[in-house]
Amino acid sequence: MWRGLWTLAARAARGPCRPCVRQSSGAGAPGSGAPGSGATIFALSSGQGRCGIAVIRTSGPASGHALRSLTAPRELPRARSASLRLLTDPRSGEPLDRALVLWFPGPHSFTGEDCVEFHVHGGPAVVSGVLQALGRVPGLRPAEAGEFTRRAFAHGKLSLTEVEGLADLIHAETEAQRRQALRQLDGELGQLCRGWAETLTKALAHVEAYIDFGEDDNLEEGVLEQADSQVRELAVALETHLRDARRGQRLRSGAHVVVTGPPNAGKSSLVNLLSRKPVSIVSPEPGTTRDVLETPVDLAGFPALLSDTAGLREGQGPVEQEGVRRARERLEQADLILAVLDASDLASPSSCDFLDTVVTPAIARSPNGNGQRLLLVLNKSDLLPPGGPDLSPELPPHLLLSCLTGAGLDGLLEALRKELAAVCGNPSTGPPLLTRARHQHHLQACLDALGSYRHAPDVALAAEALRVARGHLARLHGGGGTEEVLDIIFRDFCVGK
Ligand SMILES: Nc1nc2c(ncn2[C@@H]2O[C@H](COP(=O)(O)OP(=O)(O)OP(=O)(O)O)[C@@H](O)[C@H]2O)c(=O)[nH]1
Ligand SMILES: [K+]
Ligand SMILES: [Mg+2]
C-alpha cells in the first residue's frame, strides 16, 4: 500500500497548496462545437415519400427570419404554439401550402437554438417547394445527417449517452430494444455515471486534502481511509456492471441464436418457421444446408440473429465437411443454441452422437453464469405414435415441436422469451445496461485506474490514478469532445434528426 511509503519525494512533487476539490474535467459538458454552427440548417425531419403531413425543421439564428420570409402575415407567431399560416415563396410570392408553423425561440428548443417547424401537406411537390424556398433564404443551408442532434449535444441539451439512446430509439425494431433505448434516452445511464463520478470526486478531494495539508494540519481523521473505502465500493459497482455488459450490447445488436443438430432433424424447417420466411432450402435429402445462413428475426420481442447450419456428421464429401466445420465454428459464437433432433429417430447413431458431444457438454457448462445457453427441441412430434411419445427418461429437458403442423410452437416461443431475457437482460428492470462497446471500454479503463490507485507507490500517483478514472467516466457520459467518437455516433442518424 502506498500510504506506508508516503515519502518526502511525494511531498515535494505535490507543488503548492491548491483547493481540495478541483473543477470536474468536464463530465456532461458539451464536448465540441457543432460543425458549421452559426449557420442555420434546415431539413425534412419526417420520413421520405408521400405522406399526410411532413415536418420540415430549421435550427439556427436565421430561423425567425426564415419563418417571416415564408409566411404571411410576416410577424412571428406565439412561441411554442401551432399557428396556421399561408406559406409563399419569398422570391416569386407564389403560394406553396397552407401549413401549421411552430416557433421555438432558443434556448427552449430541441437544439437550444432558435428553431422552426413547418408541418406541411406531405406531397413531394409541396415538400420540395418549401425546401427550395428555405434554401433561397440568406444564411440557410441544408442540414447534414444527425446535425440537429449534434447541435442539441453541443448546447448541452442531451448528454452523449442520451444521444446514443435517441439513435437507438430511431433504429429500434423490437419491443425490448425500444424499452432499452427509452431508458437510455431518459438519461438513466448518464445518471449512474454522474453518481460514480461524484464518488470519485469525493475520494479525490480526500486524497488531495491529504496531499495539501498532510497529517499534521487540522485535517479530519482518516481521510485516506474514507477515500479507500469509497474507491472499493465503486470498484465493486463497476465490476457488477461490467459483468452485465455483454447483455446490453446483445439487446442492441441482437443475440446470436444458432440452430444445430444432426442432418435432416428439421433445422432449416425451424429457421423458416421462426423467421416466417423461406430463408433456407428444406429437403428430405440429408446434408442440404452447407453454408451458414443468417437471418435477423424478432424472437418473442427480442432481436436475434438466427443462424441455420449444416447437419453435424463426419465422413462425407469435402464440401459438406467444410459446412460442418463452419457449423461448429458458429456454434462456438452462439449466445443461445437451439439443438434440434428428430423425435422419431432418437435412437439413431447420429442422434446419440449429437446428444453426447453437443447437448450434454453444453448443459453441463451452462446456464447460471454468462455461458452459452441451450434449448433442446425434439422436432417431428407428428411422427410419434398416437399413444403418447415413448421417449427415453434419460433425455435432458426438452420441448416437443412439429414444424409441419406448428404444434408446440407457442411453448417454444415462450421458452425462447425466457432464455433471451436471460441472455439480453430485461430492459424494464435492473440497472441501465451498457449498450455499446464504447461504454464497456471506458468502464473497464476506469476500473483499471482504480486498480492502479490501490497499488500506487505514493499518494501523488494515487491521486493521478483517480483523475484518470474520472476522465474515463467523463468520456463515457460526455464524450470528452473526442471528434472521432462524435462522428461515429452521429453517423447513425439520418438527415433531419
Ligand atoms: N413429418 C415431419 N417432417 C418434417 C418436420 N420438419 C421437417 N420435416 C421434414 O424433414 C426433412 C428435413 O428437413 P430440413 O428442414 O431440410 O432438415 P435439416 O435439419 O435442415 O437438414 P440438413 O440441412 O440436411 O441437415 C424435410 O423433408 C422436411 O419436410 C416435421 O415437423 N414433421
Ligand atoms: K435436409
Ligand atoms: Mg438444413
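For the structure, check the block above.
Residues numbered from 1 in each chain as written. Chains lettered and ligands numbered in written order. Predicted model: local features only at pLDDT ≥ 70, side-chain atom pairs only at ≥ 80, totals over all residues. Heavy atoms only, no water.

Another point: the packing of aromatic side chains. Within this structure, the stated rule accounts for 0 aromatic pairs. Looking at Arg57, its charged tip hangs above the ring of Phe148, at a distance of 4.6 Å from the centre. (Phe/Tyr/Trp six-rings, centres within 6.5 Å; stacked < 30°, edge-to-face > 60°. Lys NZ or Arg CZ within 6 Å of the ring centre and 35° of its normal.)

Below, the discussion takes up the coordination of the potassium ion (ligand 2). Ideal donor angles around a metal are set by the shape: a four-donor tetrahedron calls for 109.5 degrees, a six-donor octahedron for 90 or 180 degrees. Bound to the potassium ion (ligand 2) are the protein donor atoms Asn264 (OD1), Ser283 (O), Glu285 (O) and Thr288 (OG1), situated 2.5 to 2.9 Å from the metal. Read in sequence order, the donor residues coordinating the potassium ion (ligand 2) give the pattern N-x18-S-x1-E-x2-T. Separating the potassium ion (ligand 2) from the magnesium ion (ligand 3) is a distance of 4.9 Å. Thr288 sits in the partly exposed class, given a relative accessible area of 29%. (Donors = N, O, S within 2.8 Å, 3.2 Å for Na, K, Ca; no water. Buried < 20%, exposed > 50% of the residue type's maximum accessible area, 1.4 Å probe, protein only.)

With that out of the way, let us pick up the sheet that holds strand β7 (residues 140-142). Strand order in the open sheet formed by 7 strands is β3-β4-β5-β6-β2-β1-β7, with mixed pairing between adjacent strands. Looking along the sheet, the strands with just one partner apiece sit at the ends: β3 (71-72) and β7. Inspection of the sheet shows strand β1 (residues 40-44) paired to strand β2 (residues 53-59) by 4 bridges, in the antiparallel sense. Residue Leu44 lies in a different strand from β2, and its bridge partner there is Ile56. Relative to β1, helix α4 (residues 147-154) is tilted by about 135°, and along the sheet it contacts β1, β2 and β7. (Pairing = 2+ DSSP bridges. Helix = DSSP H or I, 4+ residues; strand = E, 2+ residues; numbered from the N terminus. Contact = heavy atoms within 4.5 Å. Axes fitted to C-alpha atoms, helices over the stretch in contact; angles between N-to-C directions.)

Right, let's talk about the coordination of the magnesium ion (ligand 3) for a bit. Summarising the metal site, the magnesium ion (ligand 3) is bound by the protein donors Ser268 (OG) and Thr289 (OG1), whose distances to it range over 2.0 Å. Judged by its relative accessible area of 8%, Ser268 falls in the buried class.

We now examine the environment of Arg141. The residue Arg141 is located in strand β7 in this model. Since its relative accessible area comes to 23%, Arg141 is described here as partly exposed. With 102 residues separating them in the primary sequence, Arg141 and Ala39 have C-alpha atoms 7.2 Å apart. Here Glu147 takes part through its side chain, which lies 2.7 Å from a polar atom of the side chain of Arg141. (Polar contact = N/O pair within 3.5 Å; in protein donor to acceptor, adjacent residues only side chain to side chain.)

The next thing to look at is the pattern of salt bridges. Oppositely charged side chains can pair when the atoms bearing their charge come close. This model, assessed by the stated rule, comprises 16 salt bridges. Glu329 is paired through a salt bridge with Arg325; the nearest N and O atoms lie 3.2 Å apart. Pair noted here: Glu329 and Arg325 are both in helix α11 (residues 318-332), with a separation of 4 residues, about one helical turn. Ionic contacts of the salt-bridge type, sharing partners, join the residues Asp291, Glu322, Arg325, Arg326 and Glu329 into one network. (Salt bridge = Lys/Arg side-chain N within 4 Å of Asp/Glu carboxyl O.)

Locating Ser402 in the fold gives a position in the loop between β13 (399-400) and α13 (409-424). Among the polar contacts made by the side chain of Ser402, one reaches the main-chain amide nitrogen of Thr405 at a distance of 3.0 Å. Contact partners of Ser402, with chain neighbours within four places excluded, come to Asn379, Lys380, Ser381, Asp382 and Ala407.

Attention shifts here to the site of ligand 1. Surrounding ligand 1, one finds 23 residues, the nearest of these being Lys267, Ser268, Ser269, Thr288 and Asp382. Contact distances for ligand 1 include 2.8 Å between an oxygen atom and a side-chain N or O atom of Ser268. Protein burial of ligand 1: of its 660 Å² of free accessible surface, 88% is covered by the chains. Ranked by the residues each element gives to the shell around ligand 1, the list is headed by helix α10 (residues 267-275), at 3 residues. (Near = heavy atom within 4 Å. Areas by Shrake-Rupley, 256 points an atom, 1.4 Å probe, with all protein chains shown as cover.)

Any link to function would need more than the numbers given here.
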